Amino acid sequence: MGAWDLLLTGLVLLLGLCGVLLPGVPGSWLVWAGVLWWALKEPRPVAWWVCVGATGVLFLSQAVRWALPPRRLRAGGDDGRMLAYAGCGSFLGFVLLPVLGAVPGFLAGIYVFERLRLGRHGEAVAALRTALRSGGWSVLAELFTCQVITAAWLGAVFWS
């Protein structure tokens, strides 16, 4: 597989990760399609193991998301910026404390946004709880799944 194919796959995965934070964009399915396309072009068996694992993790994620409250966050105004903060926090957490750091990073991103917007700790914590109840857990579940799949793809590309 050539460098351009890997770059294109990486861009599709990045677009999928960003798409998770934008309502109406099929982020998790873009990540899966990127991994599938890579597996179809990559001759090594590890590519198919990553693809099968990604498929299984995505189905598990969908089951978890169906059990959570429906996603009611809007993609405009404060909600769009809040999701940007949450996404950046999740990414930083995922990198600084591999894999497990994504969850506290996501929560910290929302908290920082609300603290800057509202100015007080108590109000920011209450707004964080409201955001999580109104679909934040669903976004976190999908984003975390896509981050794990992307990390597995990166691991397979660099270490095999």
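Here, every reference points to the structure presented above.
Residues numbered from 1 in each chain as written. Predicted model: local features only at pLDDT ≥ 70, side-chain atom pairs only at ≥ 80, totals over all residues. Heavy atoms only, no water.

As a further point, take the overall build of the protein chain. Along its length, the protein chain carries six helices and zero strands. In the protein chain, the succession of helices and strands from N to C terminus is α-α-α-α-α-α. Against the compact-globule benchmark of 15 Å for 160 residues, the protein chain has a radius of gyration of 16 Å, which places it among compact chains. Dimensions of the protein chain, computed from the C-alpha atoms along their principal axes, are close to 55 × 30 × 25 Å. Counting across all 160 residues of the protein chain, residues that qualify as buried make up 41%. A total of about 8700 Å² of accessible surface is found on the protein chain, and carbon and sulfur atoms cover 74% of it. Placing the 12 positive and 7 negative side-chain charges of the protein chain at their respective mean positions leaves the two points 6 Å apart. (Helix = DSSP H or I, 4+ residues; strand = E, 2+ residues; numbered from the N terminus. Rg over C-alpha atoms; globule rule 2.2 N^0.38 Å. Buried < 20%, exposed > 50% of the residue type's maximum accessible area, 1.4 Å probe, protein only. Areas by Shrake-Rupley, 256 points an atom, 1.4 Å probe, with all protein chains shown as cover. Lys, Arg positive; Asp, Glu negative; His and termini not counted. Charge placed at Lys NZ, Arg CZ, Asp CG, Glu CD.)

Further remarks concern unusual backbone geometry. The phi torsion at V99 lies on the positive side, around 65 degrees, for a residue other than glycine. In this fold, V99 is placed in the loop between α4 (77–96) and α5 (102–118). Given a relative accessible area of 34%, V99 falls into the partly exposed group.

This brings us to helix α6 (residues 121–159). The end-to-end C-alpha separation of α6 is 44 Å, well short of the 57 Å expected for 39 residues at 1.5 Å each. Within α6, the axis deviates most sharply at G135, by approximately 70 degrees. (Expected span 1.5 Å × (residues − 1). Bend = angle between axes of the 7 residues up to and from the residue.)

Let us look at helix α3 (residues 45–67). The first and last C-alpha atoms of α3 sit 34 Å apart over 23 residues, in line with the 33 Å expected at 1.5 Å per residue. Taken together, the buried positions of α3 are A47, V50, C51, A54, L58, S61, Q62 and R65. Contacts made by the buried residues of α3 are with α2 (27–41) and α6. (Contact = heavy atoms within 4.5 Å.)

The subject of this paragraph is the state of the cysteines. Under the counting rule described, the total for this entry stands at zero disulfides. The structure places no disulfide on C51, whose sulfur is separated from the nearest cysteine sulfur, that of C146, by 14 Å. By relative accessible area, which is 5% here, C51 ends up buried. Counting only cysteine sulfurs, C18 is the nearest neighbor of C146, a cysteine outside any disulfide, at a range of 11 Å. (Disulfide = S-S within 2.5 Å.)

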